[in-house]
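Here are the chains, one letter per residue:
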Amino acid sequence: SSDLNKFQGDAALAIFGAPLPLADATGHALAAARELRLALKDLQLKAGIGVAAGHVVAGHIGGHDRFEYTVIGDAVNQAARLMDLAKTTPGRTVTNAATLREANEAEQARWTLMKSVELRGRGEMTQLARPIRATLADRS
């Protein structure tokens with residue numbers, strides 16, 4: 001199960017694997033991204049979906065008036081950068097190669113590696129991946 005965590009302006013943050021552990025959280029997150037992409041396809045939205053896996057700090061923050069569960073860390077920042085990039089990528093759904101390697105083989109096979117780019121605020125290159133276009137067999 002995932003936790004749809006935050007709505008920030010026009011963005012939402014979904015967390016997989018916290019607060020409760022989830023086997024193959026990365027695979028579940030990537031599968032959810034593909035399903036969301038198909039659900040949003042017919043809507044006239046310029047949405048982007050970015051998925052990044054990694055260790056984060058999870059917990060409750062805020063005061064009595066606004067107490068919420070959230071995550072902070074590099075993976076959250078990476079996902080936000082990937083989401084921005086996804087808005088101008090065919091299919092509008094992007095992950096990085098490191099995240100893809102964490103998922104199960106069946107999920108990995110549904111994605112294709114792309115070029116490497118330098119994400120904003122990072123010194124190194126990040127290899128991108130996006131879902132393979134759905135075939136007729138996938139749609140059944």
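Computed from a predicted model, the values in this text were never measured in an experiment. (Residues numbered from 1 in each chain as written. Predicted model: local features only at pLDDT ≥ 70, side-chain atom pairs only at ≥ 80, totals over all residues. Heavy atoms only, no water.)

### Overview of the overall build of the chain
Stage number 1. In terms of helices and strands, the chain carries five helices and eight strands.
Stage number 2. Tracing the chain from N to C terminus, the helices and strands come up as β-β-α-β-β-β-α-β-α-α-β-β-α.
Stage number 3. The buried share of the chain, taken over its 140 residues, is 34%.
Stage number 4. Sequence separation of at least 24 residues holds for 49% of the intrachain contacts in the chain that already meet a minimum separation of 6. (Helix = DSSP H or I, 4+ residues; strand = E, 2+ residues; numbered from the N terminus. Buried < 20%, exposed > 50% of the residue type's maximum accessible area, 1.4 Å probe, protein only. Contact = heavy atoms within 4.5 Å.)

### Quick look at the side chain of Thr 95
Stage number 1. Structurally, Thr 95 is set in strand E6 (residues 93–96).
Stage number 2. Here the side chain of Thr 95 touches Val 51 through a polar contact of 2.8 Å, landing on its backbone oxygen.
Stage number 3. If sequence neighbours within four positions are ignored, Thr 95 has contacts with Leu 30, Val 51, Leu 82, Leu 100, Trp 111, Gln 127, Leu 128 and Ala 129. (Polar contact = N/O pair within 3.5 Å; in protein donor to acceptor, adjacent residues only side chain to side chain.)

### Here we look at the layout of surface pockets
Stage number 1. One number sums up the size of the largest pocket: a volume of about 1300 Å³.
Stage number 2. In terms of lining residues, the largest pocket is bounded by 43 residues, among which Ala 12, Leu 13, Ala 14, Gly 50 and Ala 79 are the most central.
Stage number 3. When residues of the lining of the largest pocket are traced back to their parent elements, those giving at least two are strand E1 (2–8), strand E2 (11–16), helix H1 (25–40), strand E3 (49–51), strand E5 (68–72) and helix H2 (74–86).
Stage number 4. Per-element accounting of the lining of the largest pocket gives the leading share, seven residues, to H1.
Stage number 5. For the lining of the largest pocket, the per-class residue count stands at 28 nonpolar, 10 polar and five charged. (1 Å grid on protein atoms, 1.4 Å probe; cavity = no way out; pocket = protein on both sides within 12 Å on 5 of 7 lines; lining within 4 Å. Points joined across faces, edges and corners; volume = space filled by probe spheres on them. Nonpolar A, V, L, I, M, F, W, Y, C, P; charged D, E, K, R; others polar.)

### Points about unusual backbone geometry
Stage number 1. Between Ala 18 and Pro 19 the backbone carries a cis peptide bond, its omega angle lying at 5°.
Stage number 2. Take Pro 19: it is sitting in the loop between E2 and H1.
Stage number 3. A positive phi is found at Asp 24, a non-glycine position, where the angle reads about 50°.
Stage number 4. If you trace the backbone, Asp 24 turns up in the loop between E2 and H1.

### Considering the side chain of Thr 26
Stage number 1. You can see Thr 26 is positioned in helix H1.
Stage number 2. Those residues in contact with Thr 26 that lie beyond four places of it in its chain are Ala 53, Thr 99, Glu 102 and Ala 103.

### Quick word on the sheet that holds E6
Stage number 1. Strand order in the open sheet formed by four strands is E3-E6-E8-E7, with mixed pairing between adjacent strands. Two strands close off the open sheet at either side, each with one partner strand: E3 and strand E7 (111–118). With strand direction ignored, the average angle separating the axes of adjacent strands in the sheet is 30°.
Stage number 2. Across three bridges, the pairing between E3 and E6 is parallel. Of the residues in E6, the one forming a bridge with Gly 50 is Val 94.
Stage number 3. In the packing of H1 onto the sheet, contacts are made with E3, E6, E7 and strand E8 (125–131), and the angle to E3 comes to roughly 175°. (Pairing = 2+ DSSP bridges. Axes fitted to C-alpha atoms, helices over the stretch in contact; angles between N-to-C directions.)

### Considering H1
Stage number 1. Between its first and last C-alpha, H1 extends 22 Å over 16 residues, near the 22 Å set by a 1.5 Å rise per residue.
Stage number 2. Burial in H1 covers these residues: Ala 25, Thr 26, Gly 27, Ala 29, Leu 30, Ala 31, Ala 33, Arg 34 and Arg 37. (Expected span 1.5 Å × (residues − 1).)

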